[in-house]
Amino acid sequence: MKHLVAASILAGAIALPFAAMAADYTIMAPAAPGGGWDQTARSLQEAMTAEGVSGNVQVVNVPGAGGTIGLAQFAQEANGNPDRLMVGGYVMVGAILTNKSPVTLDAVTPIARLTGEFEVIVVPAASELQTLADLTAKLKADPGSVSWAGGSAGGTDHITAGLFAKTVGADPKLVNYIAFSGGGEALAAVLGNQVTVGISGYGEFQAQVEAGALRVLGVSAPERIAIVDAPTFREGGVDLVVQNWRGIWAGPGLSAEQVAAITADVEKTVNSESWKKVLAAKGWNNTWLAGDDFKAQLATEIENTTAILKDIGLVS
């Protein structure tokens, strides 16, 4: 009997640490390295491990078609697997519509909206465009003469460029937008003077702005933000506010308990000091929204984005 009791105690002592072990996660960034989704995934990786939320977090990149290639792969490979997560957001909503993707966000499990980020328009330091007024004048004179480098077609960058043109009185259907699958590629095009302007979240241009290689003409925020030394669009005479958002999804086929556990892990990460430092460093806003509220917001975003894309001629 003593041996049985001792064995039972030993088994319990061994089992407890394993029961308390944090989950391992693999996070897909459905874009090339360097862009906002990649930065979000890697920031989650760092914060989750630093805070002990997860013992091991891996990030994989699957670029192409505004995230819809990664979405299709994720929906299949993550089915029933609570260890797989995917970063996405506003850009993917637009890309699904413009690419007529057969796989939509209905195929995966929404966990939470995480961050919001305003758009910036940048030019090389030597550009003749010194202000938003200069850009507006060039755009109104000949919309096609301004080439814009940004993320995927139909995404936030593309939508903002179209709305900018429309707001200043230029034909948004004539916007000369050049889509790149990753922030690194768009950045290279701007630095190489292959395009007139770059448009994206500040985080994708931050290092080169701080180094003096790029200059910010304006930011799409309602008021100036601390991390960006530049006027808002409104200050530059363009009455337009746009905020990109990013969130996280799990695979299909999960139980309510598995979804709750994943949500708890993500929420713990978002409330941590490590994550707060990420937000401050990158100029991201905490836009946490989970559960049914996030599902309702997604439905609204899809409806609104469809209307915007029709308005600027990107979908029929």
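Residues numbered from 1 in each chain as written. Predicted model: local features only at pLDDT ≥ 70, side-chain atom pairs only at ≥ 80, totals over all residues. Heavy atoms only, no water.

Participant: What exactly am I supposed to notice about the overall build of the chain here?
Facilitator: In terms of regular secondary structure, the chain is built from eleven helices and ten strands. Taken against the 2.2 N^0.38 rule, which gives 20 Å for 316 residues, the C-alpha radius of gyration of the chain at 22 Å falls within 12% of a compact globule. Taken over the C-alpha atoms alone, the chain extends approximately 90 × 40 × 30 Å along its principal axes. Per-residue burial over the chain gives 52% buried out of 316 residues. Excluding contacts between residues fewer than 6 apart, the proportion of contacts in the chain whose partners are at least 24 apart in sequence is 78%. Within the chain, one finds 19 positive and 30 negative side-chain charges whose respective centroids are separated by 0 Å. (Helix = DSSP H or I, 4+ residues; strand = E, 2+ residues; numbered from the N terminus. Rg over C-alpha atoms; globule rule 2.2 N^0.38 Å. Buried < 20%, exposed > 50% of the residue type's maximum accessible area, 1.4 Å probe, protein only. Contact = heavy atoms within 4.5 Å. Lys, Arg positive; Asp, Glu negative; His and termini not counted. Charge placed at Lys NZ, Arg CZ, Asp CG, Glu CD.)

Participant: Is there a simple way to think about the environment of Thr-49 in this case?
Facilitator: Mapping Thr-49 onto the fold places it in helix α2 (residues 36–50). Given the relative accessible area of 35%, Thr-49 is considered partly exposed. Separated by 225 residues in the primary sequence, Thr-49 and Ser-274 place their C-alpha atoms 9.8 Å from one another. Filtering out sequence-adjacent residues up to four positions away, Thr-49 remains in contact with Ser-54 and Val-57.

Participant: Sorry, what's going on with the packing of aromatic side chains here?
Facilitator: Think of a pair of aromatic rings as described by two things: how far the centres are apart, and how the planes are tilted against each other in angle. Following the criterion strictly, the structure yields six aromatic pairs and no others. Plain terms: the ring middles of Trp-245 and Trp-249 are 6.4 Å apart, the flat faces sit at 35 degrees to each other, and that makes the pair tilted. Aromatic pair Trp-249 and Phe-294: ring centres 5.5 Å apart, planes at 55 degrees, arrangement tilted. Of the two residues, Trp-249 is situated in strand β9 (residues 243–250) and Phe-294 in helix α11 (residues 291–311); the sequence distance between them amounts to 45 residues. (Phe/Tyr/Trp six-rings, centres within 6.5 Å; stacked < 30°, edge-to-face > 60°.)

Participant: Where do I start with the pattern of salt bridges in this structure?
Facilitator: Under the defined criterion, the tally for this structure stands at seven salt bridges. Here Arg-246 ties to Glu-117 by a salt bridge, and the two come within 2.9 Å at their closest N and O atoms. Of this pair, Arg-246 sits in strand β9 while Glu-117 sits in strand β4 (residues 109–124), and the two are 129 residues apart along the sequence. What makes Arg-246 buried here is its relative accessible area of 4%. Look at Glu-117 and you get buried, because its relative accessible area is 3%. Note that Asp-311 and Lys-166 form a salt bridge whose closest N and O atoms lie 2.1 Å from each other. (Salt bridge = Lys/Arg side-chain N within 4 Å of Asp/Glu carboxyl O.)

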